[in-house]
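Residue-level structural notes
Here is how the chains run, residue by residue.
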Amino acid sequence: MKNPYLTKLFALLCLVSFVNLNGQTFNDPDDLAAAVNASTNGGIFIVENGTYNDFEATFEIVATAINPVVIKAETIGAVVLTGESHFVIKKSAHVTLQGFVFDGLGEDSLVKLEGSNNIRITRNVFELKTNESIKWVFVGGVWNDNTYPFDFPSHHNRIDHNVFQNKDTPGHYITIDGSFDDAGSDKVYYQSQHDRIDFNYFNNNGPRAVNEQESIRIGWSEMSLSSGFTIVEHNLFEDCDGDPEIVSVKSCDNVIRHNTFKRSYGTLSLRHGNRNKVEGNYFFGNDKPIGTSPAGSDLYTGGIRIYGTDHLIINNYMEGLNGTRWDAPITLTLGDAIDGQSSSLSKHFRAERVTIAYNTLVNNSRGIEIGYDNNDKYGKDLMDITIANNLITGSENSLVEIVDTDNDQGENITWQSNLMFPTGNANLLSG
């Protein structure tokens, strides 16, 4: 008796083989772009194995989920794009970019998404040598048609299973940006929505810059009141030292979960925005010593730094971190503004209505640090912070420290059912 499931499987394999055999092959970027942009029913567009200098192409094609466009290397890792090679995907939908090695020397983003949706960037390697501040992969609006609402909002893009490595100048590995509405007297900014960054490896971002060298930046200050719904999950960050903020969240309603941070100077920072969730991440210092920045300041392996309102910080694990002040395993500084009371969106808005629960801190130099006022520059107390059901143990300094002793937050923090076990020379509380 014929097995209907085997019959269906055989038919599917035949279909896959048929599609692959009918993929078009190219070795010229102009021919590739022309074929992609003229396609009317999706298709597979293959770049032949080899090394190509200044391989530049702009794609503008609206495909569908049923008939997507796939632009791929003939063999994953065997198409190397050098010099000023880069791709722009503009006003497009349902396009996959797969399998390329970017080994660039240019002054452009290696892949730039302008007003596109359902774009997938997968199984590539990104590296760029430049003296400029470059955002390597950029997700945003159409640079010369950037108003909102407009015909091509950015949403539901995915960046997955890529390698980002050896960044030594300012700019980000990945930037999630957006568009703006300037119909009124002031511009109102909107972030690209429902994007996903997952299963990537971020390695060797440094040395420390003053600013603008985060491995991932989601939003920015003027965009911070918009909702991104970005998901960053299952990524590995190793020796990402280029900025005090390894991942900088600057918008609302994002989720950062199940990532691993190893040997990286800085923190996962909720710098702007509200209602973000940080869940199930791992932070390991791995005996990385305290470093020194080019400006002479100390560099520490850190955890999570928090500003803004209504965040959830739950189920994270931190071990062997040596950070303090900005870079403690959990950092609650004071703020210099209160949500809804300042028109300057670049301020450090005090943490308010934040839940910090079910986190585990093991053998860090410090634990939770509260009340740092940045040399009296921050004067806004915390409000409605809940710290509950956390496990903290360590053998040095304090498991909980009021950094500036005049800034004990008292009833602004609710402590509930935490288990804290100081060992060795550690104190339970200081300050």
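Residues numbered from 1 in each chain as written. Predicted model: local features only at pLDDT ≥ 70, side-chain atom pairs only at ≥ 80, totals over all residues. Heavy atoms only, no water.

**Focus: the pairing of strand 12 (residues 125-128)**
For clarity, the cut-off: A pair of strands is considered paired only if DSSP assigns at least 2 bridges between the two. The secondary structure listing takes helices from DSSP runs of H or I that are at least 4 residues long and strands from runs of E that are at least 2 residues long, numbered from the N terminus.
Pairing between strand 9 (residues 100-104) and strand 12: 4 bridges, direction parallel. Its bridge partner being in strand 12, Gly-104 is matched across the sheet by Leu-128. One ladder, built from 2 bridges, connects strand 12 with strand 15 (residues 163-167); its direction is parallel. Bridged to Val-125 within strand 15 is Val-163.

**Here we look at helix 2 (residues 29-38)**
The line we're drawing: A 1.4 Å probe rolled over the protein chains alone gives each residue an accessible area, and that area as a share of the maximum for its type sets the label: buried under 20%, exposed over 50%, partly exposed in between. Each direction from the helix axis to a C-beta atom contributes to the arc, which is the arc of those directions. For this analysis, residues touch if any pair of their heavy atoms sits within 4.5 Å. Think of a polar contact as two N or O atoms within 3.5 Å of one another; within protein, one of them needs to be a possible hydrogen donor and the other a possible acceptor, and neighboring residues in sequence only count if both atoms come from side chains.
By the burial criterion, the buried members of helix 2 are Pro-29, Leu-32, Ala-33, Ala-35 and Val-36. End-on view of helix 2: buried residues confined to an arc of 165°, all on one side of the axis. Exposed residues pointing more than 90 degrees away from the buried face of helix 2 are listed as Asp-30 and Ala-38. Where helix 2 is buried, its residues meet strand 1 (24-26), strand 2 (43-47), strand 4 (56-59) and strand 5 (69-73). The N-terminus of helix 2 is capped by Asp-28, whose side-chain oxygen sits 2.9 Å from the backbone nitrogen of Asp-30.

**Quick look at the side chain of Glu-214**
What counts here: Charge assignment in this entry is limited to Lys and Arg as positive and Asp and Glu as negative, and neither His nor the chain termini are counted. Every case where a carboxyl oxygen of Asp or Glu lies within 4 Å of a side-chain nitrogen of Lys or Arg is listed as a salt bridge.
Secondary-structure assignment places Glu-214 in the loop between strand 20 (201-205) and strand 21 (216-219). Nearest to the buried, unbridged Glu-214 among oppositely charged side chains is Lys-250, at 4.2 Å. Within polar-contact distance, the side chain of Glu-214 engages the side chain of His-172 at 3.0 Å. Those residues in contact with Glu-214, other than ones at most four positions away along the chain, are Gly-171, His-172, Tyr-173, Asn-205, Asp-243, Glu-245, Ile-246, Ser-248 and Lys-250.

**Examining the confidence of the model for the chain**
This is how it is decided: Scored between 0 and 100, pLDDT is the confidence that the predictor attaches to each residue.
Put simply, the chain has an average pLDDT of 92, and 94% of its residues get 70 or more. The model gives residues 4-21 a pLDDT under 50, and that stretch makes 4 contacts with residues more than four places away or in other chains.

**Details of the nonpolar core**
To keep things clear, this is the line we draw: Residues belong to a common nonpolar core when they are buried Ala, Val, Leu, Ile, Met, Phe, Trp, Tyr or Cys residues joined through side-chain atoms within 4.5 Å.
Phe-100, Ile-174 and Ile-306 are the most contacted members of the largest nonpolar core, which has 80 residues in total. For this core, the element with the most residues is helix 2, which contributes 4 residues. Sequence-distant contacts of Ile-306, that is, excluding residues within four places in its chain, are made with Leu-270, His-311, Ile-313, Ile-330, Thr-331, Leu-332, Ala-351, Val-354 and Ile-356.

**A closer look at unusual backbone geometry**
Here the residue pair Gly-206 and Pro-207 is connected by a cis peptide bond, since its omega of 5° sits within 30 degrees of zero. Position of Pro-207 among the secondary structure elements: in the loop between strand 20 and strand 21. The phi torsion at His-194 lies on the positive side, around 60°, for a residue other than glycine. Residue classification places His-194 among the partly exposed residues on the basis of a relative accessible area of 36%. Look at Arg-263: it is not a glycine, yet its phi comes out positive at around 50°. Among the residues examined, Arg-263 registers a relative accessible area of 28% and is labelled partly exposed.

**Brief notes about empty space enclosed by the protein**
Gaps between atoms show up when a probe of the same size as a water molecule is rolled over them. Just so we agree on the cut-off: With a 1 Å grid spanning the protein atoms alone, the term cavity applies to any set of points in which a 1.4 Å probe fits but cannot get out, the term pocket to an open set with protein on both sides within 12 Å along at least five of seven lines, and the term lining residue to any residue with an atom within 4 Å of a point. Grid points are joined across faces, edges and corners, and a volume is the space filled by probe spheres set on the points. Ten residues, namely Ala, Val, Leu, Ile, Met, Phe, Trp, Tyr, Cys and Pro, are considered nonpolar, four, namely Asp, Glu, Lys and Arg, are considered charged, and the remaining ones, Gly among them, are considered polar.
According to the stated counting rule, one finds 2 cavities of 30 Å³ or more in the structure shown. Ranked by the residues each element gives to the lining of the largest cavity, the list is headed by strand 40 (residues 391-394), at 3 residues. Tallied by class, the residues present in the lining of the largest cavity amount to 3 nonpolar, 5 polar and 2 charged. Reported here for the second largest cavity is a volume of approximately 30 Å³. As for the second largest cavity, its lining consists of Phe-261, Lys-262, Arg-263, Ser-264, Phe-283, Phe-284, Thr-301, Gly-302 and Leu-321. Elements represented by at least two residues in the lining of the second largest cavity include exactly strand 26 (260-262), strand 29 (282-284) and strand 32 (301-306). Residue classes in the lining of the second largest cavity are distributed as 4 nonpolar, 3 polar and 2 charged.

**A short note on the layout of surface pockets**
Taken as a whole, the largest pocket holds about 700 Å³ of empty space. Elements supplying a minimum of two residues to the lining of the largest pocket: strand 24 (245-250), strand 27 (266-272) and strand 31 (298-299). Here the lining of the largest pocket is composed, by residue class, of 10 nonpolar, 8 polar and 12 charged. By volume, the second largest pocket amounts to about 330 Å³. Forming the boundary of the second largest pocket are 17 residues, of which Pro-68, Val-70, His-94, Val-95 and Thr-96 lie nearest the centre. Listing elements by their share of the lining of the second largest pocket, those giving two or more residues are strand 2, strand 5, strand 8 (93-98) and strand 11 (117-122). With 4 residues, strand 8 is the single largest residue contributor to the lining of the second largest pocket. Counted by class, the lining of the second largest pocket contains 7 nonpolar, 7 polar and 3 charged residues.

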